Amino acid sequence: MDPQKKIAVLGSTGSIGVQTLDIIAEYPDRFRATVLVAGRNVELLISQARQHRPNLAVIADESLYPTLRDALAPLGIETAAGADAITDAMERDDVDTVVTATVGYSGLAPTLRAIDAGKQIALANKETMVVAGELVTRRLDNSPSRIIPVDSEHSAIYQCMAGEESSTVKKLLITASGGPFRTRSIDELSSVTVRDALAHPNWSMGAKITIDSATMLNKAFEIIEARWLFGITPDRIEAVVHPQSIVHSMVEFTDGSVKAQLGIPDMHLPIRYALGDASRLATNRPGLRLQDYARLEFFRPDTEKFPLINMAYYALERGGNTACVINAANEIAVDAFLHERIGYLDIQRTIESTLNDVPFIASPGYDDYVATNTLARRIAEEHAKSRFDKKR
């Protein structure tokens, strides 16, 4: 039996993907990156492939394929391009674990294919569970696959629940930093800039998830994800603002005890835990020194200032394709905000307008999710464009 676990990294050039490759390099006897997948950053993908020597490198943007092929052909590395090639790669015999580190809806199809192929999933793409959590859990019921979450909050819950009976869980407490606007007034939010929103106080993340943190929609998504990952009803999942980002989440049990997982704000820890199949791999990276923190604070989220957090409970109560619409509209709105075509508060308005315009499907199948995502994006684009035209 090959002692090395063979790993496919989807989104290898993003923040989580780069850190995943750090860990693979840290444990060369345990892990090998056999498949690397990137969206458009072909130069970094080429550099990663030269260093890690995967069997296959895939670029989502097909126009960049000649650059990838010509650079890696002399090394004997197989190359491919496009969405179908990414999804097909999930079935390869030289893949044991798939790290789904892409951002947004694009993670759904390859994750489903990996589950169908019986691969283990290290899930850093929360949108997969947000968009189609019920479908994913059904697929898991008929597969030897299991998901170990990589999001720091869900990894913390997973660790706190290890060895516990699910029947003894009273409540999941998902911590949130509060983002860059925690102390700003509602009036100040109307004039915040892209630079303001990208200035996260604790975490170094990609642009899209950093904006989601600023609006706190990411916390709504994490509540939805937790509902499907852990089988806990929404009324037993709460968000707690914790500005220091040291306690990554907590689980309250029926006997009144609360378990928490603590660590410095560093994604290497949950990635390492997931790659190691929920085992603890020794590392020389610096750990937590509680004496360095004068206080650890916890607050209720301000839902008047951050109303998008309530989208979680609305989406879970309504069900169907609701969360899929919210995710699609948010991806379009965040992109428009990052390109300064709409304002910060227009993100929420675009989501709400799109929800009103996309038909509700109570019991969607996979094709319904695909159609909903396509339609919601088109409608959200129209709403974003309308707001941009009004600003001009």
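In this report, we go over the structure that sits alongside the text.

The next subject is the pattern of salt bridges. Counted according to the given criterion, the structure contains 26 salt bridges. Put simply, Arg 377 and Glu 331 hold a salt bridge, and the shortest N to O gap is 2.4 Å. You can see Arg 377 sitting in helix α16 (residues 366-391) and its partner Glu 331 sitting in helix α14 (residues 322-338), a full 46 residues away along the chain. By relative accessible area, which is 22% here, Arg 377 ends up partly exposed. According to the relative accessible area criterion, Glu 331 is buried, its value standing at 14%. Through salt bridges that share partners, Lys 126, Asp 151, Glu 153, Lys 219 and Glu 222 make up one connected network.

A few words on the layout of surface pockets. When its volume is computed, the second largest pocket comes out at roughly 280 Å³. In this structure, the second largest pocket is lined by 13 residues; those nearest its centre are Ile 147, Tyr 158, Met 161, Leu 229 and Phe 230. Contributing elements (two or more residues each) for the lining of the second largest pocket: α6 (126-141), β7 (147-149), α7 (152-161) and α11 (217-230). It is α11 that provides the largest number of residues to the lining of the second largest pocket, a total of three residues. Class assignment for the residues of the lining of the second largest pocket results in ten nonpolar, two polar and one charged.

A few words now on the packing of helix α10 (residues 207-215) against α14. Orientation of α10 relative to α14, taken along the N-to-C sense of each, is 100°, at an axis distance of 10 Å. As the angle between them shows, α10 and α14 are arranged roughly perpendicular. Taking contact as the criterion, the partners of Ala 207, Lys 208, Ile 211 and Asp 212 in α10 are, on α14, Asn 330, Glu 331, Val 334, Phe 337 and Leu 338. Of the residues contributing to the contact of α10 with α14, the split by class is five nonpolar, one polar and three charged.

Once that is clear, we can look at helix α2 (residues 42-52). One turn of an α-helix holds 3.6 residues; hence residues three or four places apart share an orientation. What α2 keeps buried is the set Val 42, Leu 45, Ile 46, Gln 48, Ala 49 and His 52. Looking down the long axis of α2, one finds its buried residues gathered within 165° of arc, a one-sided arrangement. Opposite the buried face of α2, at more than 90 degrees from it, the exposed residues are Glu 43 and Gln 51. Structurally, α2 contributes buried residues whose contacts are with α1 (15-26), β2 (31-38), β3 (56-59) and α3 (65-72).

Once that is clear, we can look at the pairing of β3. Both faces of β3 are covered, namely the face carrying Leu 56 and Val 58 and the face carrying Ala 57 and Ile 59. In this structure, β2 lies alongside β3, joined through four bridges in parallel fashion. By the bridge assignment for β3, Val 35 is matched with Leu 56. Note on the crossover from β2 through α2 to β3: the handedness is right-handed. Pairing analysis gives four bridges linking β3 to strand β4 (residues 78-81), with the strands arranged parallel. Paired with Ile 59 across the two strands is Ala 81, which belongs to β4. Handedness of the β-α-β unit built from β3, α3 and β4 comes out right-handed.

Put simply, helix α13 (residues 311-318) and helix α15 (residues 346-357) touch, their axes get as near as 14 Å, and they point 10° apart. Put simply, α13 runs roughly parallel to α15. Both α13 and α15 take part in a crossing whose hand is left-handed. Contact with α13, carried on its side by Met 311, Tyr 314 and Arg 318, involves Ile 351, Glu 352 and Leu 355 of α15 and no other residues of that element. Its residues assigned to classes, the contact of α13 with α15 shows four nonpolar, no polar and two charged.

A few words on the side chain of Glu 222. By the element assignment, Glu 222 lies in helix α11. Taking the relative accessible area as the measure of exposure, Glu 222 reaches 2% and is therefore buried.

It is worth spelling out the sheet that holds strand β6 (residues 120-123) at this point. Hydrogen bonds between backbone groups are what pair the strands of a sheet, and the pairing can be parallel or antiparallel. If you walk across this open sheet you meet the seven strands as β4-β3-β2-β1-β5-β6-β7, and the pairing is parallel. Every other strand in the sheet has two partners, leaving β4 and β7 as the edge strands with one partner each. Averaged over all neighbouring strand pairs, the angle between strand axes comes to 20°, with direction disregarded. Taken together, the six bridges between strand β1 (residues 5-10) and β2 define a ladder with parallel strand orientation. Opposite Val 9, over in β2, you have Leu 36 as the bridge partner. Helix-sheet contacts for α3 involve β3 and β4, and the interaxial angle to β4 is about 180°.

Cut-offs applied
Residues numbered from 1 in each chain as written. Predicted model: local features only at pLDDT ≥ 70, side-chain atom pairs only at ≥ 80, totals over all residues. Heavy atoms only, no water. Salt bridge = Lys/Arg side-chain N within 4 Å of Asp/Glu carboxyl O. Helix = DSSP H or I, 4+ residues; strand = E, 2+ residues; numbered from the N terminus. Buried < 20%, exposed > 50% of the residue type's maximum accessible area, 1.4 Å probe, protein only. 1 Å grid on protein atoms, 1.4 Å probe; cavity = no way out; pocket = protein on both sides within 12 Å on 5 of 7 lines; lining within 4 Å. Points joined across faces, edges and corners; volume = space filled by probe spheres on them. Nonpolar A, V, L, I, M, F, W, Y, C, P; charged D, E, K, R; others polar. Axes fitted to C-alpha atoms, helices over the stretch in contact; angles between N-to-C directions. Parallel < 35°, antiparallel > 145°, perpendicular 65-115°, else oblique. Contact = heavy atoms within 4.5 Å. Arc of directions from axis to C-beta. Pairing = 2+ DSSP bridges. Right-handed = clockwise from strand over helix to strand, strands pointing away. Left-handed = near helix turned anticlockwise from the far one by under 90°.

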